[in-house]
Amino acid sequence: MNRLIGHIDLDYFYAQVEEVENPALRERPVIVCVFSGRTEDSGVVSTANYRARDFGVHSGMPIVSAKKRLEGTNPAIVRMDHEKYEAVSARIMENVNQLVDVLEPTGIDEAFFDITSSADGDYDRGREIAESIKKSVFESEHLTSSIGLGRSKVVAKLGSDLSKPNGLTVITPEKTSDVLGPLPVGKLYGVGPKTSASLNEIGIKTVADLARADPSDLERLFGRKFGAYLLAAATGTDDAPVVAGLEPTQFSRIVTLKEDTKDPHEVVSQLAPGIGYIEAKLAASKMSFRTVSAIGILTDLSTKTRSKTFETPVVGVSVIHEEATVLFAELASSAGRDFRRAGIRVSGLAHTEDQSSLSEFVGTPR
DNA sequence: GTTATGCATCC
DNA sequence: CCTCCTTGCATAAC
């Protein structure tokens, strides 16, 4: 069966939300920033609108560097408001979900969707549906988006990337190898700087090179699973389905400490709001956890973690605070240097609610 | 088989 | 000068 898989990406999401809220910003460079609180302007740019990108500003850039590049351009420097963007995102996902067979959100500003049935396997009908999705998002929230449509998730994701901003790229199965072939391997979903470098070393530069690579070479270099994935990705034949309603498997929060330290009590005290946030997420989603991890980013920016798994799911929350202190003490003694940043993570999540209807449906274990 | 840790990716 | 979050995997140790 001819699958029609889409990927939608909301354009420069955080900055565009700020523009919608305050249209005067549209005429100016806008950067949405994460301020770490260490010094006045320490932190990075999370999202920049295209006017700011014209001056070489991009996400991940230190705020200080971005300001320098934007000197004399009357830039708008906005503090990130995650909750605001969450609310907009949730409305959009709900809206788009009505227009597709299956929706799989993969981030606050993007989602995969499957429209094989509603397009009846036809790419012209698929294009119309994709256009109606873009139109619906724009009319309801005044936000532009970019969509890619193709035979697989990798092709769809690539398509949305090629079309942004405010575009639509339809890559039919017949055109797939022509479109993908000339691109550098790093354009493929799941292929970052490390994998790109390894591939380049053995003479694989483009997606076409990768598509005709020796499978056993790839397996030897990257392992069975990832090796097979790379080949499938390059030929556009990756067959992962679009899955709705995936549950989160972990919650985490990382903060930058006011000063470098290795004192576990100081770390945990600065982490208290983060722990509170995780507790709130657990409560809101009615979930328990089994593993708690301390995450330490040292002064040399290397990362060390220390975790503890409990026999049975933990519902209460004072456990996080207590265990964090122990774990950070252990980390500090083994780390050798101070912490610059610190985080906490809970994983092994499960629903706490008594699901009697579900247990009836599943039946009793033998 | 389960747990601990690090790595890579991506947002 | 260097934020923050999620997922999956490999590997070693238990």
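Enquirer: Hey, could you run me through the overall build of chain A in this one?
Expert: Counting secondary structure elements, chain A contains 14 helices and 13 strands. Taking 21 Å as the expected radius of gyration for a compact globule of 366 residues, we find that chain A reaches 23 Å, a close match to that expectation. Each principal axis of the C-alpha atoms in chain A carries an extent, and together these give about 70 × 60 × 50 Å. Residue burial in chain A is summarised as follows: out of 366 residues, 43% are buried. The long-range share in chain A, meaning contacts at least 24 apart out of those at least 6 apart in sequence, stands at 63%. Per element, the accessible surface of chain A, about 19,100 Å² overall, is 50% carbon and sulfur. Across chain A, 42 positive and 51 negative side-chain charges occur, with their mean positions spaced 5 Å apart.

Enquirer: Would you mind going over the protein's contact with DNA strand C with me for this structure?
Expert: The local shell around DNA strand C holds 18 residues, among which Gln250, Ser252, Arg253, Ile254 and Thr256 are the closest. Residue Thr249 places a side-chain N or O atom 3.1 Å away from a phosphate oxygen belonging to DNA strand C. Between DNA strand C and Ser252 there is a distance of 3.0 Å, counted from a phosphate oxygen to a backbone nitrogen or oxygen. Secondary-structure elements contributing two or more residues to the surface near DNA strand C are strand 3 (43-48), strand 9 (250-261) and strand 12 (339-347). Ranked by residues supplied to the surface near DNA strand C, first place goes to strand 9 with 7 residues. Across the surface near DNA strand C, the residue classes tally to 7 nonpolar, 7 polar and 4 charged.

Enquirer: Looking at this model, I keep getting lost on the side chain of Ser160. Mind explaining?
Expert: With respect to the element layout, Ser160 can be found in helix 6 (residues 153-163). From its side chain, Ser160 meets the backbone oxygen of Lys157 in a polar contact 3.0 Å long.

Enquirer: I keep staring at the sheet that holds strand 2 (residues 30-35) and nothing clicks. Help me out?
Expert: The strands that make up a sheet are held in pairs by hydrogen bonds between backbone atoms, and each pair lies either parallel or antiparallel. Strand order in the open sheet formed by 3 strands is 3-2-4, with mixed pairing between adjacent strands. Looking along the sheet, the strands with just one partner apiece sit at the ends: strand 3 and strand 4 (76-79). Recorded for the sheet is a direction-independent mean angle of 35° between the axes of neighbouring strands. As judged from the 4 bridges shared by strand 2 and strand 4, these two strands associate in the parallel manner. Its bridge partner being in strand 4, Cys33 is matched across the sheet by Arg79.

Enquirer: Please explain a negative patch on the surface as it appears in this structure.
Expert: Taken together, the side chains of Asp120, Asp122, Asp124, Glu128 and Glu131 make up a negatively charged region of the molecular surface. Structurally, Asp120 can be placed in the loop between strand 6 (110-114) and helix 5 (123-141). Residue classification places Asp120 among the exposed residues on the basis of a relative accessible area of 56%.

Enquirer: In this structure, what is going on with the protein's contact with DNA strand B? I would like to understand it.
Expert: Looking at DNA strand B, there are 18 residues lining it, with Lys157, Gly190, Thr195, Ser307 and Thr309 nearest. Atoms of DNA strand B within 4 Å of the protein belong to the sugar or the phosphate in 100% of instances, the rest to bases. Here a sugar or linking oxygen of DNA strand B and a side-chain polar atom of Asp109 are 3.3 Å apart. Side-chain polar atom of Thr309 to a phosphate oxygen of DNA strand B: 2.3 Å apart, as the coordinates give it. Contributing elements (two or more residues each) for the surface near DNA strand B: helix 8 (193-201) and strand 11 (303-314). The element that contributes the greatest number of residues to the surface near DNA strand B is strand 11, accounting for 6 residues. Tallied by class, the residues present in the surface near DNA strand B amount to 4 nonpolar, 6 polar and 8 charged.

Enquirer: Is there a simple way to explain the confidence of the model for chain A in this structure?
Expert: Predicted coordinates in regions of low pLDDT should not be interpreted in detail. Overall, the prediction assigns chain A a mean pLDDT of 92, with 96% of residues at 70 or greater. Low pLDDT (under 50) marks residues 356-366, which in the prediction has 0 contacts with non-local residues, meaning those over four places away or in another chain.

Enquirer: Looking at this model, I keep getting lost on the packing of aromatic side chains. Mind explaining?
Expert: In this description, an aromatic ring pair is defined by two values, namely the gap between the centres and the angle between the planes. Scanning the entire structure with this criterion turns up 8 aromatic pairs. Ring geometry for Tyr12 and Tyr50: centres 5.5 Å apart, planes at 80°, overall edge-to-face. Of this pair, Tyr12 sits in the loop between strand 1 (5-10) and helix 1 (13-21) while Tyr50 sits in helix 2 (residues 50-53), and the two are 38 residues apart along the sequence. A relative accessible area of 28% means that Tyr50 is categorised as partly exposed. Here the guanidinium or amino end of Arg53 rests over the ring plane of Tyr50, the centre of that ring lying 4.3 Å away. The ring centre of Tyr277 lies 3.8 Å from the NZ or CZ of Arg253, which sits over that ring.

Enquirer: What is the right way to read the sheet that holds strand 1 from this model?
Expert: Taken in spatial order, the 5 strands of this open sheet run 5-6-1-7-8, and their pairing is mixed. Edge strands, defined here as strands with exactly one partner in the open sheet, are strand 5 (102-107) and strand 8 (168-170). Neighbour-to-neighbour, the strand axes of the sheet open up by a mean angle of 15°, direction not taken into account. Against the sheet, helix 5 contacts strand 1, strand 6, strand 7 (145-150) and strand 8, and its axis sits at roughly 165° relative to strand 7.

Analysis parameters
- Residues numbered from 1 in each chain as written.
- Chains lettered and ligands numbered in written order.
- Predicted model: local features only at pLDDT ≥ 70, side-chain atom pairs only at ≥ 80, totals over all residues.
- Heavy atoms only, no water.
- Helix = DSSP H or I, 4+ residues; strand = E, 2+ residues; numbered from the N terminus.
- Rg over C-alpha atoms; globule rule 2.2 N^0.38 Å.
- Buried < 20%, exposed > 50% of the residue type's maximum accessible area, 1.4 Å probe, protein only.
- Contact = heavy atoms within 4.5 Å.
- Areas by Shrake-Rupley, 256 points an atom, 1.4 Å probe, with all protein chains shown as cover.
- Lys, Arg positive; Asp, Glu negative; His and termini not counted.
- Charge placed at Lys NZ, Arg CZ, Asp CG, Glu CD.
- Near = heavy atom within 4 Å.
- Polar contact = N/O pair within 3.5 Å; in protein donor to acceptor, adjacent residues only side chain to side chain.
- Nonpolar A, V, L, I, M, F, W, Y, C, P; charged D, E, K, R; others polar.
- Pairing = 2+ DSSP bridges.
- Axes fitted to C-alpha atoms, helices over the stretch in contact; angles between N-to-C directions.
- Patch = residues over 30% accessible without salt bridge, like charges linked within 9 Å, V, L, I, M, F, W, Y side chains within 5 Å.
- Salt bridge = Lys/Arg side-chain N within 4 Å of Asp/Glu carboxyl O.
- pLDDT = per-residue confidence, 0-100.
- Phe/Tyr/Trp six-rings, centres within 6.5 Å; stacked < 30°, edge-to-face > 60°.
- Lys NZ or Arg CZ within 6 Å of the ring centre and 35° of its normal.

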